[in-house]
Amino acid sequence: VGLRMRSTILPVHALFLGKVLAVTVTVLLQALLIIFFTRFVYGVQWGSQWGFLLFALFSAAVFSTALGVAATALTRDGRSAANMLNVIIPIFTFTAGGYIRIDYPGRILSFFQQISPSFLAQTAIFNTVYNGSMTEAIRCLLFLWLAAAVLTGAGVASLRRNWV
């Protein structure tokens, strides 16, 4: 499919941007579906700051897309990238306390929590929903955007070597 797509008259960067936008929008729509389903079916309260919550979800969607782009570009194979992400994502989830609550993480695990994208997104969302520190939420989202920019840059740089 990739070879056929590149044989079209569209520039490569337009194909790449279209794919990235489509994946990001799909992830965001999935998150919104979960939010609205749980809100109206289960009565889950998602707080009153809907704009910031949507921005936090969008930030997480952009990061996850950037992570996928970087993994695919660096491994040059979709299956290898999927295998790599299938190992990395559960580690991110564990460090964020996604499987079990970690009350006293210690210095080492605390460091890994602070750089875990799952922890950053979770902290931003929880601080938004439960009226926590908005300064902390903004810090987490800025770090996610910075990481997304670095991953996107690495992915694009790796892909450029293949296209040129």
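The structure contained in this document is the topic of the report that follows. Just so you know, these numbers come straight off a predicted model, no measurement behind them. (Residues numbered from 1 in each chain as written. Predicted model: local features only at pLDDT ≥ 70, side-chain atom pairs only at ≥ 80, totals over all residues. Heavy atoms only, no water.)

Some details on a nonpolar patch on the surface
- Nonpolar side chains collect at one region of the surface, where I108, F111, F112, I115, F143, L146 and V150 lie side by side and expose about 690 Å² of accessible area between them.
- Ranked by residues supplied to the nonpolar patch, first place goes to helix α5 (residues 106–115) with four residues.
- Within the secondary structure, L146 is located in helix α7 (residues 134–163). (Patch = residues over 30% accessible without salt bridge, like charges linked within 9 Å, V, L, I, M, F, W, Y side chains within 5 Å. Areas by Shrake-Rupley, 256 points an atom, 1.4 Å probe, with all protein chains shown as cover. Salt bridge = Lys/Arg side-chain N within 4 Å of Asp/Glu carboxyl O. Helix = DSSP H or I, 4+ residues; strand = E, 2+ residues; numbered from the N terminus.)

Brief notes about the nonpolar core
- In terms of nonpolar packing, the biggest core is built from 27 residues, with W46, L53, L57, I125, L141 and L144 touching the most fellow members.
- Listed by contribution, the elements that provide at least two residues to this core are α2 (12–41), α3 (50–75), α4 (78–95), α6 (117–129) and α7.
- Residue contributions to this core peak at 10 residues, all from α3.
- Ignoring anything within four residues of it in the chain, the contact list for I125 reads W46, L53, A56 and L57. (Core = buried A, V, L, I, M, F, W, Y, C linked by side-chain atoms within 4.5 Å. Buried < 20%, exposed > 50% of the residue type's maximum accessible area, 1.4 Å probe, protein only. Contact = heavy atoms within 4.5 Å.)

Some words on α3
- The end-to-end C-alpha distance of α3, which contains 26 residues, comes to 37 Å, matching closely the 38 Å that a straight helix rising 1.5 Å per residue would cover.
- With its phi angle positive at about 60°, R76 sits one or two positions after the end of α3. (Expected span 1.5 Å × (residues − 1).)

Some details on the pattern of salt bridges
- Under the definition given, this model contains two salt bridges.
- Where R101 meets D103, a salt bridge forms, and the shortest distance between an N and an O atom there is 2.5 Å.
- Take R101: its relative accessible area is 71%, and that puts it in the exposed class.
- Among the salt bridges present, the one from R139 reaches E136, with a minimum N-O distance of 2.8 Å. Placement of both R139 and E136 in helix α7 is noted, with a separation of three residues, approximately one turn of the helix.

Description of unusual backbone geometry
- Residues other than glycine seldom take positive phi values, yet R76 does so here, at roughly 60°.
- For R76, the location among the structural elements is in the loop between α3 and α4.
- The phi dihedral of N131 falls on the positive side, at around 55°, and the residue is not glycine.
- By secondary structure assignment, the location of N131 is in the loop between α6 and α7.

Details of the packing of aromatic side chains
- On inspection of all chains with the given rule, the structure shows eight aromatic pairs.
- Measuring from centroid to centroid gives 6.1 Å for F55 and W145, while their planes differ by 15°, and the two rings are stacked. Placement of the pair is F55 in helix α3 and W145 in helix α7, with a sequence separation of 90 residues.
- The interplanar angle of 70° and the centroid separation of 5.4 Å between the aromatic rings of F111 and F112 together place this pair among those described as edge-to-face.
- Members of the aromatic cluster, connected to one another through ring pairs, are F52, F55, F58 and W145.
- Just above the ring of F40 sits the side chain of R39; from NZ or CZ to the centre is 6.0 Å. (Phe/Tyr/Trp six-rings, centres within 6.5 Å; stacked < 30°, edge-to-face > 60°. Lys NZ or Arg CZ within 6 Å of the ring centre and 35° of its normal.)

Thoughts on α2
- In this model, α2 (30 residues) spans 43 Å end to end at C-alpha, consistent with the 44 Å of a helix rising 1.5 Å per residue.
- L15, T24, L28, A31, L32, I35 and T38 are the residues of α2 that are buried.
- G43, located one to two residues past α2, shows a positive phi value of around 75°.

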